[in-house]
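Each chain, letter by letter, is given below.
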Amino acid sequence: MAFVQYPTAIQKDRHTVMNLAQRLAVRDSVTHLLEESPTLEAAARGALQTVCESLTWEWGALWVVSPGADVLVCIETWHAPAATFPRFEEACRRSTFESGVGLPGRVWADGRPAWIPDIVHDVNFPRAAVAAGEGLHAAFGFPILLGGDVLGAMEFFSREIAQPDADLLQMLGSIGSQIGQFLERRRAEKDRERLAREKSALLESTSEGIYGMDLAGRCTFINPAGAALLGYEPADLLGKNMHATMHHSRPDGSPYMEEECPIDRDMRAGKGTRVDGEVLWRRDGTPFPAGYSSSPIWVDGHIDGAVVTLTDITLRKGVEEVQTRAKEAAEDANRAKSDFLARMSHEIRTPMNAIIGMADLLWETSLNAEQREYVRIFRKAGSQLLDLINDILDLSKVESGHLALESLDFDLGEVLDKTLEMMAIRAHEKGLELALRIAPDVPAALVGDPARLRQVLINLIGNAVKFTEKGEVIVRVDRAPGEDGAGALQFSVFDTGIGIPDEARELIFAPYTQVDTTTTRKFGGTGLGLTISRRVVELMQGRIWAESRVGSGSTFYFTARFALGSKLVLSAPAGPMDLASLKILVVDDNATNRMILRDMLARWGAVVTEADGGERGLAELRRAHLAGAAYSLVLLDRRMPDVDGFQVAEHIHQDPALAETIILMLTSDNRAGDVARGRALGVAAYLVKPLKRSELFEAIQEARAGAAPASERTVAHPDAVSDGSPPLRILLAEDSPDNVLLIQSYLKASGWRADVAGNGEIAVRTFIAGTYDLVLMDVQMPVMDGYAAARKIREWEAEHLATRVPILALTAHALPEEVRKSLAAGCTAHLTKPIRKATLLRAIEEHATGVVHVDASLAELVPGFLDNRRTDLDAIASAVARGDYDNVRILGHNMRGSGTGYGFTRITELGASLEQAAGRREAGEIVARAAELTRYLDGLHVKYE
Ligand code: ADP
């Protein structure tokens, strides 16, 4: 390291050597100085001067740690009168030192004094060049300490080179501590001053009145706002009893005793208090509405008084009044709006009823397909509009407070049965199970508003059906859990539908909210149903909520309170409601349905056993018979996966051991033909789910009494055809719901009804299980197509030596290939889509009943034509016997050509089949077709038109 030597420097120790007395004198004078100094700057300057003068050193500086605590900054310097060091002074004022850097930084880092005999030779002295330039050499510094913390550093310089003096440094160290304490004291004082300033600024500037009081209730301070509120100057109030000044009387002028005053009372109890809207009195004797709050002041664990805040609430009172008036006005307006809506909805409803009614009438008339479509849309839009109007009317009624609940005696079971019966139509259209379960402890006789209860249920069940494609909808009624009184009930509607996202579960109860808000919504609706339901439920002192998982379904719950009725309003059957000890077997694959039936029957005292399928049911019946405890009655579900209800009934019917058993058949669809079939199998009654309890009871009673069996309790159908012959039983195998609807609507007018099978497999099953006069078979279907299904049906017929039922293939194109394929599969004939109503009806009539409508102008020719066909049949028989296929082909060809001309399409079809079979030299097929032609000719009824 290179040292710059300053030859002028003189090494002299004399200035630093001090005796003890001198050192103590220096310390004392600094102490004195610090006590006397009014400001930090004065104290610092005094300390620097004292130290410099007593040591005869020329320059000193005070450094303090910056507020950011990262560097030291120079805040004060002192120099001997005869010596100035302007450039060094300037360098100090401009510099800052980090911990460990330069003399001040070193003192800060070590927390100890440091001595440099000659700065010129010091390696850690950034200001060395400037200092040396001004002739400075020796330097020392010491820390200003408070506790263990360094608050700053003092440094001193001499023009002479001087060696360290340990005693001196120690004394200076103690001066550093004194200065530290002084600094801290000054800081605390400053903080106090600032706080006091801030406090008084706060008190002066706040618009709230604030005053302090002692235990005797005398004012110890009050801010200008507080004094002004009361009409005083602050000085006027100091020492005055505040209660007597401002709180002496009540609004009516009667005295308000201090003991009663919450401020005084609560202060003494060591509590705060808040009062809104009392009257305080001004100096001029006028009162004003005020709010106040007080908090006790604690000093050393004792209550010393309280601080009270006052506000004049005249203005707020005024605002509140205005708000109340505005609210009343808004309520009036809302009522007026609701009244208007109610009136308008009513006005609109009257013509709407006419529109809808006329549309319904129009629908019943004969319309072509296009007109029918128009009318369908127009009926649908009409009923949607009516729903909307009804909902709006209801909502406005509830909102305007016009909805008052009735208080009527009603039978809960009856209301539920009727409601479910109504909803069952929609549910069954979608193939959903709809079930009801009423817990045994739910009272039947209630007092309340059955119409409103039904409205809520219809809305919830309607939604459940609307948002469910597959599965079931179950309605339950239980006593409301955790609520007193037998009339507090909880209803729930469970579905296996699309579910509701969590974030929407609350929102859907608000008006006009729907989960799916796209304009192309899949499910219609107004978004008002749940809002209305909620209001109605609230009127019934209940609440409504939903639980749901997206994709698995929802359950809507609501509670409601009813009074208990004294009389049971029942349209229930006459006769004792007693099935005591009647042994009943319930055979149903659906567990919910079984549970519901068991509940109902058990209520009437029956002994109920369940079987979850046909086979098990039969086994149980037989077992019980052998055990000598036969069942009196069996409730059979019609549709079950393994052995269905009819098959079970058939077995029971045929088994002499079981023949005594009364059979009741349950179904969730309503098929034509089932009743007749059931009757043949000894079914006593045929009931449609959801079951009405009263109906079930009635049916059981009637069946037991041997009353008219197999009375159909369901909707009556105009089953008979116009000429009085029995209605045709048709099986329609078709997967497209649109076509099903179309064909059903075609058939409706004829009085024939079709059972529908959604694919070939179902069609085969249904065909085998039933008795049909004709099958309409769509050829393109999922799972099993029409060709395969026709083939299977033919196989089954052959095996069981059954008569061949006509199968009419429904094809999209009349391609020869398709025709050939359908005939080859065993279809009797084919019809090409789109099928006209008249064509379909004629084809059915011709194939199922042999009735053919022929133009009257051909009346003379037809008998001859038909006779010739019988002759053809003989010729075919002998040609086949000879193996003369050519002749058969020619005969077939001629038949094909002439049949349609006379109106006998069936003869044309059979002619074509014979021609083809002969081409393939298939003798068996030729014989089969010829036999078909014979049957056709035998059964033919020609009607001339
Ligand atoms: P709307 O059915 O006429 O739209 P609601 O107030 O009855 O009006 O229902 C509001 C919305 O709540 C429905 O649009 C639907 O998004 C949702 N919602 C109600 N019930 C169900 C349910 N069972 N399953 C799924 N979503 C439902």
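Small disclaimer: the values here were computed from a predicted structure and weren't measured. (Residues numbered from 1 in each chain as written. Predicted model: local features only at pLDDT ≥ 70, side-chain atom pairs only at ≥ 80, totals over all residues. Heavy atoms only, no water.)

Looking at the overall build of the chain
- A tally of regular secondary structure across the chain gives 29 helices and 32 strands.
- By residue count, 48% of the 945 residues in the chain fall in the buried class.
- Long-range contacts, defined here as pairs at least 24 residues apart, represent 65% of the contacts in the chain between residues at least 6 apart.
- In the form shown here, the chain has an accessible surface area of approximately 46000 Å², with 55% of it arising from carbon and sulfur atoms. (Helix = DSSP H or I, 4+ residues; strand = E, 2+ residues; numbered from the N terminus. Buried < 20%, exposed > 50% of the residue type's maximum accessible area, 1.4 Å probe, protein only. Contact = heavy atoms within 4.5 Å. Areas by Shrake-Rupley, 256 points an atom, 1.4 Å probe, with all protein chains shown as cover.)

A look at the nonpolar core
- Grouped together as the largest cluster of nonpolar side chains are 59 residues, with contacts concentrated most on F140, M154, F156, L172 and I175.
- Grouped together as the second largest cluster of nonpolar side chains are 47 residues, L432, I500, A504 and I508 included. (Core = buried A, V, L, I, M, F, W, Y, C linked by side-chain atoms within 4.5 Å.)

Digging into the site of the ligand
- Close to the ligand lie 21 residues; N463, D495, Q514, T526 and L530 are nearest.
- Within the side chain of D495, an N or O atom sits 2.8 Å from a nitrogen atom of the ligand.
- Within the backbone of G529, a nitrogen or oxygen atom sits 3.3 Å from an oxygen atom of the ligand.
- For the ligand, the protein covers 96% of the area, taking 540 Å² as the surface of the free molecule.
- Examining the composition of the shell around the ligand, we find that four residues originate from one element, helix α14 (residues 450-466), more than from any other.
- In terms of residue class, the shell around the ligand is built from nine nonpolar, ten polar and two charged. (Near = heavy atom within 4 Å. Polar contact = N/O pair within 3.5 Å; in protein donor to acceptor, adjacent residues only side chain to side chain. Nonpolar A, V, L, I, M, F, W, Y, C, P; charged D, E, K, R; others polar.)

Focus on the pairing of strand β16 (residues 488-495)
- Most of β16 is tucked away, with seven of its eight residues classed as buried.
- In terms of strand pairing, strand β15 (residues 472-479) meets β16 through seven bridges, oriented antiparallel. The residue bridging V473 from the neighbouring strand is D495, located in β16. (Pairing = 2+ DSSP bridges.)

A word on the sheet that holds strand β3 (residues 96-97)
- Spatially, β3-β2-β1-β6-β5-β4 is the arrangement adopted by the six strands of the open sheet, whose pairing is antiparallel. Edge positions in the sheet fall to β3 and β4 (114-116), since each has one partner strand and no second.
- Pairing of strand β1 (residues 59-65) with strand β2 (residues 72-79) involves seven bridges; the strand directions are antiparallel. What sits directly across from A61, in β2, is T77.
- Against the sheet, helix α2 (residues 40-55) makes contact with β1, β2, β5 (138-146) and β6 (149-158), and its axis sits at roughly 55° relative to β2, the strand it touches most.
- This element, helix α4 (residues 102-110), spans β1, β2, β3, β4, β5 and β6 of the sheet and lies at about 40° to β5. (Axes fitted to C-alpha atoms, helices over the stretch in contact; angles between N-to-C directions.)

As for helix α23 (residues 786-799)
- For α23, built from 14 residues, the straight-helix expectation of 20 Å at 1.5 Å per residue is met to within 8% by its first-to-last C-alpha distance of 20 Å.
- Buried residues of α23: G786, Y787, A789, A790, I793, R794 and E797, and no others. In a view along the axis of α23, the buried residues occupy a sector of 165°, so they form one face of it. More than 90 degrees from the buried face of α23, the exposed residues found are A798 and E799.
- Among the residues of α23, the N-terminal cap falls to D785, whose side-chain oxygen and the backbone nitrogen of Y787 are separated by 3.3 Å.
- Just beyond α23, the residue with positive phi is L801, at close to 50°. (Expected span 1.5 Å × (residues − 1). Arc of directions from axis to C-beta.)

Quick look at the sheet that holds strand β11 (residues 302-312)
- The strand order across the open sheet built from five strands is β8-β7-β11-β10-β9, with neighbouring strands paired in antiparallel fashion. Of all strands in the sheet, those bounded by a partner on one side alone are β8 (219-222) and β9 (273-281). Taken pair by pair, the neighbouring strands of this sheet meet at an average axis angle of 30°, ignoring direction.
- By the bridge criterion, six bridges tie strand β7 (residues 209-214) to β11 in an arrangement that is antiparallel. Looking at β11, one finds that Y211 is bridged to V308.

Overview of α4
- Of all nine residues making up α4, seven are buried, and the element is well covered by its neighbours.
- Inspection of α4 places G102, L103, P104, G105, R106, V107 and W108 among the buried residues, and these make up the whole buried set.
- Buried-residue contacts for α4 involve β1, β2, β3, β4, β5 and β6.
- Positive backbone phi, at 70°, marks G111, one or two positions downstream of α4.

A short note on unusual backbone geometry
- For Q541, which is not a glycine, the phi torsion comes out positive at approximately 60°.
- Of note, Q541 is situated in the loop between α15 (529-539) and β17 (544-549).
- Given the relative accessible area of 58%, Q541 is considered exposed.
- Positive phi, normally seen in glycine, also occurs at V783, with a value near 65°.
- Secondary-structure assignment places V783 in the loop between β28 (774-778) and α23.

Structural notes on the environment of I144
- With respect to the helices and strands, I144 occurs in strand β5.
- Separated by 38 residues in the primary sequence, I144 and F182 have C-alpha atoms spaced 9.8 Å apart.
- Every residue in contact with I144, bar those within four places of it in the chain, is listed here: L62, D149, V150, L151, G152, A153, M154, G176, I179, G180 and L183.

Digging into the pairing of β6
- Counting buried positions along β6 gives nine out of ten residues, so the element sits mostly inside the fold.
- Pairing of β1 with β6, which is carried by six bridges, proceeds in the antiparallel orientation. From the neighbouring strand, L62 faces β6, where its bridge partner is M154.
- What sits between the antiparallel neighbours β5 and β6 is a turn of two residues, in which G147 has the positive phi angle 60°.

Section: the packing of helix α28 (residues 905-919) against helix α29 (residues 923-939)
- Contact geometry of α28 with α29 gives a least axis separation of 9 Å together with a crossing angle of 165°. It follows from the interaxial angle that α28 and α29 lie roughly antiparallel. In the crossing of α28 with α29, the sense of the turn from one axis to the other is left-handed. Of α29, the residues touching α28 (which contributes R906, I907, L910, S913, L914, A917 and A918) are E925, I926, R929, A930, E932, L933, Y936 and L937. (Parallel < 35°, antiparallel > 145°, perpendicular 65-115°, else oblique. Left-handed = near helix turned anticlockwise from the far one by under 90°.)

Some details on the side chain of E89
- Topologically, E89 is positioned in helix α3 (residues 86-94).
- Residue classification places E89 among the buried residues on the basis of a relative accessible area of 18%.
- Engagement of the side chain of E89 in a polar contact is seen with the side chain of W59, the distance being 3.3 Å.
- The residues touching E89, leaving out its near neighbours within four places in the chain, are W59, T77, H79 and E134.

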